[in-house]
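Commentary on secondary and tertiary structure
If you want the building blocks of each chain, they are given just below.
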Amino acid sequence: MLTALYDGRCIICQSTRGTITALDWRHRVRFIDLHDRDAWQSRFPQLKDADLLGAIHVIDERGAVFAGIDATRRMLRELPLGFPLWLLLLLPGTDTVGKRLYRYIARRRYRINELLGNELPECADGGCHLPR
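Attention in this report is confined to the structure presented alongside it.

Cut-offs used in this document
- All residue numbers refer to position in the chain's written sequence, counted from 1.
- Per-residue local features of the predicted model are confined to residues with pLDDT of at least 70, and side-chain atom pairs are confined, for both listing and counting, to 80 or more; whole-chain, interface and lining totals are unaffected and use all residues.
- Water and hydrogen atoms play no part in the side-chain values, which are based on all heavy atoms of the structure.
- Helix numbering and strand numbering both begin at the N terminus, where a helix is a DSSP run of H or I of at least 4 residues and a strand a DSSP run of E of at least 2.
- With a 1.4 Å probe rolled over the protein chains alone, any residue whose accessible area is under 20% of its type maximum counts as buried; one over 50% counts as exposed, and the rest are partly exposed.
- Contacts: residue pairs with any heavy atoms within 4.5 Å of one another.
- In this description, accessible areas are obtained by the Shrake-Rupley approach with a 1.4 Å probe, and a residue is regarded as covered only by the protein chains that are shown.
- Criterion used throughout: strands pair if DSSP finds at least two bridges between them.
- Angles here are taken between N-to-C directions and fall from 0 to 180 degrees, while the axes themselves are lines fitted to C-alpha atoms, restricted in helices to the stretch in contact.
- We call Phe, Tyr and Trp rings a pair once their centres come within 6.5 Å, taking the six-membered ring for Trp, and we label the pair stacked below 30 degrees between planes, edge-to-face above 60, and tilted otherwise.

In terms of helices and strands, the protein chain carries seven helices and four strands. Helices and strands in the protein chain line up, N terminus first, as β-α-β-α-α-β-β-α-α-α-α. Sorting the 132 residues of the protein chain into buried and exposed places 36% on the buried side. In the protein chain, 61% of the contacts between residues at least 6 apart in sequence involve partners at least 24 apart. Roughly 7,900 Å² of accessible area belongs to the protein chain as shown, and the carbon and sulfur atoms make up 57% of that amount.

Let's shift gears to the sheet that holds strand β3 (residues 57-59). Ordered by their spatial adjacency, four strands build an open sheet running β2-β1-β3-β4, and the pairing between neighbours is mixed. Both outer strands of the open sheet, β2 (29-33) and β4 (65-67), are each paired with one neighbouring strand and no more. Recorded for the sheet is a direction-independent mean angle of 25° between the axes of neighbouring strands. Relative to β2, strand β1 (residues 2-6) runs parallel, the two being bridged by five bridges. Looking across to β2, one finds that L5 is bridged to I32. Helix-sheet contacts for helix α1 (residues 11-23) involve β1 and β2, and the interaxial angle to β2 is about 160°. Its contacts with the sheet put helix α4 (residues 69-78) on β1, β2, β3 and β4, and the angle it makes with β4 is roughly 115°.

Burial within α4 is extensive, with eight of its ten residues counted as buried. Of the residues making up α4, those classed as buried are I69, A71, T72, R73, R74, M75, L76 and E78.

Turning our eyes to something else, we now look at the packing of aromatic side chains. Summed over the entire model, instances satisfying the criterion amount to two aromatic pairs. Judged by centre distance (5.7 Å) and plane angle (85°), the rings of Y6 and F31 are edge-to-face. Of this pair, Y6 sits in strand β1 while F31 sits in strand β2, and the two are 25 residues apart along the sequence. Of the two residues examined, Y6 and F31, each falls in the buried class. An angle of 40° between the planes, with centres 5.0 Å apart, marks the rings of F83 and W86 as tilted. Note that F83 and W86 are positioned in helix α5 (residues 83-88) at a spacing of three residues, about one turn of the helix. Accessibility expressed as a relative area gives 16% for W86, which makes it buried.

Right under this line is the structure:
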């Protein structure tokens, strides 16, 4: 079983959650909104809010923590339909490109949400800006 801490105020992150959940017929990934601190903080005290805002984090059954593209890869490995994509993401060069692309999108995700016309109501007061 994997636990994925994601940004529930991010439309892109919610879409990722929806896709993984739809493909997860074995129920191997449990998602927790990082803004629900009571749901995760006592189980994962080593994780910091600022780090969590920067990328999705996945914790496996042994307590290993994966972030960003590594977290995405780890989730795909658990999904029968995600397994081929996981294999593709292991090809040489995909690590470097994947990490850069992930960081680029993650840093701009609230702006991307706004450009798509999908600003969440709880972000209207500016509460969804990422830390610098």
